[in-house]
Amino acid sequence: MLMKTRQFFYCGGLLVAVLLASPEARAQMSPDLIMETYNSNISVITNGAINKSVMDKAIERNNAGGTARRSTTATRSGASVSTAYTPTPALRQQIVQGYINRLKTSNPPAAQSIAANFGPGKYDYSKIYRDLTKDVGLRENDATDVLASYMILGWMIVNNVTDDNAVTASMAQGMRAQIAPALAANTQARARAAQVGEEMKLQTVVVHGGWQSAIKEGKLGAYQQGIKNLFKNQYGMDLSQYKLTSQGLTSK
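Everything quoted here is computed from the prediction, not taken from an experiment.

Caption draft 1: How the structure looks around the packing of aromatic side chains. Scanning the entire structure with this criterion turns up two aromatic pairs. Judged by centre distance (5.5 Å) and plane angle (50°), the ring pair of Phe231 and Tyr235 falls under tilted. Taken together, the positions of Phe231 and Tyr235, both in helix α15 (residues 220-235) and four residues apart, correspond to about one turn of that helix. Each member of the pair, Phe231 as well as Tyr235, carries the same accessibility label: buried. An aromatic cluster of three or more residues is present, and its members are Tyr150, Phe231 and Tyr235.

See the structure below:
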């Protein structure tokens, strides 16, 4: 099954209308600001799963031989400890409010915009995320799958990947297999899978919204550089140095 990249991360319409409706909303899409609004506890967890060391070790295992068998083993290892969860409306509201609270200091107008669009009774970010990632073989309510989606989005933006057929379902599963063991071994990740998953869903929606804004406003190059810097600063990874294969990220 093909991962339709425009279907996967080009929601258009609703998302653009919601997130790009005002200058304040556009301002909050700054990659630097996105990183500032990370939940610090969730950031510690994700940093343990998404980082250059994890990717380098996975690439080294693949290069050592028996690639398909090793990938399957890694997938099963990660799957043996579940990071699936059942979200609740209360948790989603908590995630949005936490994001708003963190924005209040650095960008009060943006905090107001997010509250107006994603607050109680407004648009559901999880519905937008579902529309962005449907039919790609990654589960909606699993922290590992959500992190894989976020990584793929970052890689696509930095490498300017917009071909509908460029990313396959096997590539998505390869990405998941790379980060699954690290999450499975992290007791905090397992205990807080719901918080990790929902936090990163919202981050995925925000990053995608920034991508759409940059395309519409002719600022794509600057946004790509910003996302590249975000991943380098947050996770120590230069996504421009990787290609995405059925084994996940590999060196170019």
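Caption draft 2: Local environment of the packing of helix α5 (residues 40-49) against helix α14 (residues 193-217). Running from N to C, α5 and α14 cross one another at 95°; their axes reach a closest spacing of 10 Å. As judged from the angle between their axes, α5 and α14 are roughly perpendicular. The segment α5 lies against α14, with Ile42, Ile45 and Thr46 engaging Gln195, Val196, Glu199 and Met200. Across the contact of α5 with α14, the residue classes break down as four nonpolar, two polar and one charged.

Caption draft 3: Structural view of the packing of helix α11 (residues 143-158) against α14. Running from N to C, α11 and α14 point in directions that differ by 20°, and their axes come no closer than 8 Å. Between α11 and α14, the angle is such that the two are roughly parallel. Between α11 and α14 the crossing geometry is left-handed. Residue-level contacts link Ala143, Val146, Leu147, Tyr150, Leu153, Met156 and Ile157 of α11 to Ala193, Val196, Gly197, Met200, Lys201, Gln203, Thr204, Val207, His208 and Trp211 of α14. Split into classes, the residues belonging to the contact of α11 with α14 amount to 12 nonpolar, four polar and one charged.

Caption draft 4: Representation of the nonpolar core within the structure. Ranked by internal contacts, the top residues of the largest apolar core, which has 64 residues, are Met151, Met175, Met200, Met237 and Leu249. Per-element accounting of this core gives the leading share, 12 residues, to α11. Setting aside anything within four residues of it in sequence, one finds Met175 in contact with Met55, Ala148, Met151, Ile152, Leu244, Gly248 and Leu249.

Caption draft 5: Seen up close, the pattern of salt bridges. Per the stated rule, a full pass over the model turns up 12 salt bridges. The salt bridge partner of Lys52 is Asp56, with a shortest N-O separation of 2.6 Å. Note that Lys52 and Asp56 are positioned in helix α6 (residues 52-63) at a spacing of four residues, about one turn of the helix. When its relative accessible area of 40% is taken as the criterion, Lys52 is described as partly exposed. Residue class for Asp56 comes out partly exposed when judged on its relative accessible area of 30%. A salt bridge links Glu140 to Arg130; the shortest N-O distance between them is 3.1 Å. Taken together, the positions of Glu140 in the loop between α10 (125-133) and α11 and Arg130 in helix α10 put the pair 10 residues apart, joining distant regions of the chain. Residue Arg130 is classed as partly exposed on the basis of its relative accessible area of 32%. Shared partners join several salt bridges into a network, and the residues in it are Arg92, Arg130, Glu140, Glu198 and Lys201.

The rules behind these values
- Residues numbered from 1 in each chain as written.
- Predicted model: local features only at pLDDT ≥ 70, side-chain atom pairs only at ≥ 80, totals over all residues.
- Heavy atoms only, no water.
- Phe/Tyr/Trp six-rings, centres within 6.5 Å; stacked < 30°, edge-to-face > 60°.
- Helix = DSSP H or I, 4+ residues; strand = E, 2+ residues; numbered from the N terminus.
- Buried < 20%, exposed > 50% of the residue type's maximum accessible area, 1.4 Å probe, protein only.
- Axes fitted to C-alpha atoms, helices over the stretch in contact; angles between N-to-C directions.
- Parallel < 35°, antiparallel > 145°, perpendicular 65-115°, else oblique.
- Contact = heavy atoms within 4.5 Å.
- Nonpolar A, V, L, I, M, F, W, Y, C, P; charged D, E, K, R; others polar.
- Left-handed = near helix turned anticlockwise from the far one by under 90°.
- Core = buried A, V, L, I, M, F, W, Y, C linked by side-chain atoms within 4.5 Å.
- Salt bridge = Lys/Arg side-chain N within 4 Å of Asp/Glu carboxyl O.

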